[in-house]
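Letter by letter, the chains look like this.
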Amino acid sequence: MTGASSGIGAATVRRFTEAGWHTVAVARREERLTALAAETGAHPIVCDVTDEAQVAAMAREVAETGGASGLVNNAGGALGTDSVEHASNEDWRQMFEVNVIGLRNVTAALLPVLRQAVRGSNTADACASILNLTSTAGLDVYAGGGGYNAAKFAAHAVTGVLRLELAGEPIRVMEVAPGLVHTEEFTLNRLRGDAEAAKRPYADIVPLTAADVAAVMVAAFEQPPHVNQDLIVLRPIAQSSVFHTHRGPLTPRE
Ligand SMILES: NC(=O)c1ccc[n+]([C@@H]2O[C@H](COP(=O)([O-])OP(=O)(O)OC[C@H]3O[C@@H](n4cnc5c(N)ncnc54)[C@H](OP(=O)(O)O)[C@@H]3O)[C@@H](O)[C@H]2O)c1
């Protein structure tokens, strides 16, 4: 599980643990991983997914400590809401690095480990699972979404390519694309620490929680091994598209 130190990633480690899975928790902030490991029993590995040497070391550690039959590429995030005209290339590079290159680095490094898990399984129909956490921002564009849209569209495309390239192997490739999820840090990071502005997207609606997304991801992993849930889109009921968010109570029409 990458991006395990906060938000959706941490909630998913908790959910996997509750369901009886042994989980490896990967992120850059060691103290957060240590706390999560103490709480859940997950194996913490400090790793920047954009750094190939660190990713290779992480994959070696996973292989040497019991291997893995599943991978969730969740590390990611957004920086800024600037127009294409006024955006910072450095923000765009950082978004592409973590949401796309990081996903590729980790996938490439762990594929041999996933294959080894299937080969070593006693179950004839065993399969390995890769799940990429993208976003509805990878399916629809919106003004101010530029760099994040581009990165998540790319992650969505890479997921489809990977599914084609792994055809014939017992490895399913799944994608979960959430709409608005209220996590502690995502919007705060995107808006560079402006706490007041970061509250606005969640005002007067009931957004998804990290636990809601975690439940969907674990359920996808627990499907029978011949079932591949290609793409699961989930949004708050008040958000009927990236462009339509109903604020205020939901009431049945007369
Ligand atoms: N919140 C939403 O509304 C929403 C909606 C749709 C999709 N998503 C996507 O869901 C994923 C999780 O989002 P979230 O809301 O849970 O945000 P978050 O709390 O900010 O989580 C992002 C996670 O990614 C990790 N990360 C960032 N850069 C990394 C790097 N270079 N190497 C390793 N780990 C890195 C962070 O940990 P460290 O800083 O410790 O490394 C953190 O654990 C992201 O891919 C995001 O784009 C979020």
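For clarity, every value in this text was computed on a predicted model and none was experimentally measured.

Some remarks on the overall build of the protein
Turning to step 1, where the next piece is worked out: Summing up its helical and strand segments, the protein has eight helices and 10 strands in all.
Turning to step 2, where the next piece is worked out: The C-alpha radius of gyration of the protein comes to 18 Å, within 12% of the 18 Å expected for a compact globule of 254 residues.
Turning to step 3, where the next piece is worked out: Expressed along its principal axes, the backbone C-alpha trace of the protein runs to roughly 55 × 50 × 40 Å.
Turning to step 4, where the next piece is worked out: Residue burial in the protein is summarised as follows: out of 254 residues, 44% are buried.
Turning to step 5, where the next piece is worked out: Sequence separation of at least 24 residues holds for 67% of the intrachain contacts in the protein that already meet a minimum separation of 6.
Turning to step 6, where the next piece is worked out: About 12,800 Å² of surface is accessible on the protein, with carbon and sulfur atoms providing 54% of the total.
Turning to step 7, where the next piece is worked out: A distance of 2 Å separates the average location of the 20 positive side-chain charges in the protein from that of its 28 negative side-chain charges.

A short note on the pairing of strand β1 (residues 24-27)
One face of the sheet, then the other: side chains in a regular strand alternate in exactly this way.
Turning to step 1, where the next piece is worked out: Residue alternation in β1 divides its side chains into two sets, V24 and V26 and A25 and A27, and both sets are buried.
Turning to step 2, where the next piece is worked out: Across four bridges, the pairing between β1 and strand β2 (residues 43-46) is parallel. Note that in β2 the partner of A27 across the bridge is V46.
Turning to step 3, where the next piece is worked out: Following the backbone out of β1, through helix α2 (residues 30-40) and into the adjacent parallel β2, one traces a crossover that is right-handed.

Digging into the packing of helix α3 (residues 52-64) against helix α4 (residues 89-119)
Turning to step 1, where the next piece is worked out: Interhelical geometry of α3 versus α4 gives an angle of 30° and a closest axis separation of 9 Å. Here α4 runs roughly parallel to α3, going by the angle between their axes. Between α3 and α4 the crossing geometry is right-handed. Here α3 contributes E52, V55, M58, A59, V62 and A63 to the contact with α4, which in turn contributes R104, N105, V106, A109, L110 and V113.

Some thoughts on the packing of aromatic side chains
Any pair of aromatic rings gets described here by the distance separating the centres and the angle formed by the planes.
Turning to step 1, where the next piece is worked out: Evaluated as defined, the whole model comprises four aromatic pairs.
Turning to step 2, where the next piece is worked out: The interplanar angle of 75° and the centroid separation of 5.0 Å between the aromatic rings of F16 and F221 together place this pair among those described as edge-to-face. Within this pair, whereas F16 is found in helix α1 (residues 7-18), its partner F221 is found in helix α8 (residues 210-221), the two being separated by 205 residues in sequence.
Turning to step 3, where the next piece is worked out: Residue F16 is classed as buried on the basis of its relative accessible area, which comes to 4%.
Turning to step 4, where the next piece is worked out: An aromatic cluster of at least three residues, connected via ring pairs, comprises F16, W21 and F221.

Quick look at the sheet that holds strand β8 (residues 231-234)
Turning to step 1, where the next piece is worked out: Read from one edge to the other, the open sheet built from four strands follows the order β3-β4-β5-β8, with strand pairing classed as parallel. In this open sheet, the two edge strands, each paired with only one partner strand, are β3 (70-73) and β8. On average, each strand axis in the sheet is tilted by 15° relative to the strand beside it, whichever way the strands run.
Turning to step 2, where the next piece is worked out: By the bridge criterion, six bridges tie strand β4 (residues 128-133) to strand β5 (residues 171-178) in an arrangement that is parallel. Each residue of the ladder has a partner; that of N132, found in β5, is E175.
Turning to step 3, where the next piece is worked out: Along the sheet, α4 makes contact with β3, β4 and β5, crossing β3 at roughly 165°.

Things to note about the site of the ligand
Turning to step 1, where the next piece is worked out: Taken together, 30 residues lie near the ligand, and S5, I8, R28, Y148 and T183 sit nearest.
Turning to step 2, where the next piece is worked out: R29 places a side-chain nitrogen or oxygen 2.8 Å from an oxygen atom of the ligand.
Turning to step 3, where the next piece is worked out: Protein burial of the ligand: of its 880 Å² of free accessible surface, 95% is covered by the chains.
Turning to step 4, where the next piece is worked out: Contributions of two or more residues to the shell around the ligand are made by α1, α5 (146-165) and α6 (186-190).
Turning to step 5, where the next piece is worked out: The residue makeup of the shell around the ligand, split by class, is 12 nonpolar, 13 polar and five charged.

Focus: the nonpolar core
Considering soluble globular proteins, one finds that nonpolar side chains tend to be buried as a cluster.
Turning to step 1, where the next piece is worked out: Grouped together as the largest cluster of nonpolar side chains are 28 residues, with contacts concentrated most on L131, V176, V213 and M217.
Turning to step 2, where the next piece is worked out: Contributing elements (two or more residues each) for this core: α1, β1, α2, β4, β5, α8 and β8.
Turning to step 3, where the next piece is worked out: Considering every element that reaches this core, the biggest residue donor is α8, with seven residues.
Turning to step 4, where the next piece is worked out: When near neighbours in sequence (up to four residues on either side) are disregarded, V213 contacts I8, L133, V176, P178, V181 and L234.

Notes on α3
Turning to step 1, where the next piece is worked out: In this model α3 runs 18 Å from its N-terminal to its C-terminal C-alpha over 13 residues, within 8% of the 18 Å that 1.5 Å per residue would give.
Turning to step 2, where the next piece is worked out: Considered for burial, the residues of α3 that qualify are V55, M58, A59 and V62. On an axial view of α3, the arc spanned by its buried residues comes to 100°, and they lie on one face. Structural note: α3 exposes A53 and E64 on the side pointing more than 90 degrees away from its buried face.
Turning to step 3, where the next piece is worked out: Against the buried residues of α3 lie β1, β2 and α4.
Turning to step 4, where the next piece is worked out: Where α3 begins, the side chain of D51 points an oxygen toward the backbone nitrogen of A53, at a separation of 3.0 Å.
Turning to step 5, where the next piece is worked out: Of the residues flanking the end of α3, it is G66, one or two places downstream, whose phi is positive at about 115°.

The rules behind these values
- Residues numbered from 1 in each chain as written.
- Predicted model: local features only at pLDDT ≥ 70, side-chain atom pairs only at ≥ 80, totals over all residues.
- Heavy atoms only, no water.
- Helix = DSSP H or I, 4+ residues; strand = E, 2+ residues; numbered from the N terminus.
- Rg over C-alpha atoms; globule rule 2.2 N^0.38 Å.
- Buried < 20%, exposed > 50% of the residue type's maximum accessible area, 1.4 Å probe, protein only.
- Contact = heavy atoms within 4.5 Å.
- Areas by Shrake-Rupley, 256 points an atom, 1.4 Å probe, with all protein chains shown as cover.
- Lys, Arg positive; Asp, Glu negative; His and termini not counted.
- Charge placed at Lys NZ, Arg CZ, Asp CG, Glu CD.
- Pairing = 2+ DSSP bridges.
- Right-handed = clockwise from strand over helix to strand, strands pointing away.
- Axes fitted to C-alpha atoms, helices over the stretch in contact; angles between N-to-C directions.
- Parallel < 35°, antiparallel > 145°, perpendicular 65-115°, else oblique.
- Left-handed = near helix turned anticlockwise from the far one by under 90°.
- Phe/Tyr/Trp six-rings, centres within 6.5 Å; stacked < 30°, edge-to-face > 60°.
- Near = heavy atom within 4 Å.
- Polar contact = N/O pair within 3.5 Å; in protein donor to acceptor, adjacent residues only side chain to side chain.
- Nonpolar A, V, L, I, M, F, W, Y, C, P; charged D, E, K, R; others polar.
- Core = buried A, V, L, I, M, F, W, Y, C linked by side-chain atoms within 4.5 Å.
- Expected span 1.5 Å × (residues − 1).
- Arc of directions from axis to C-beta.

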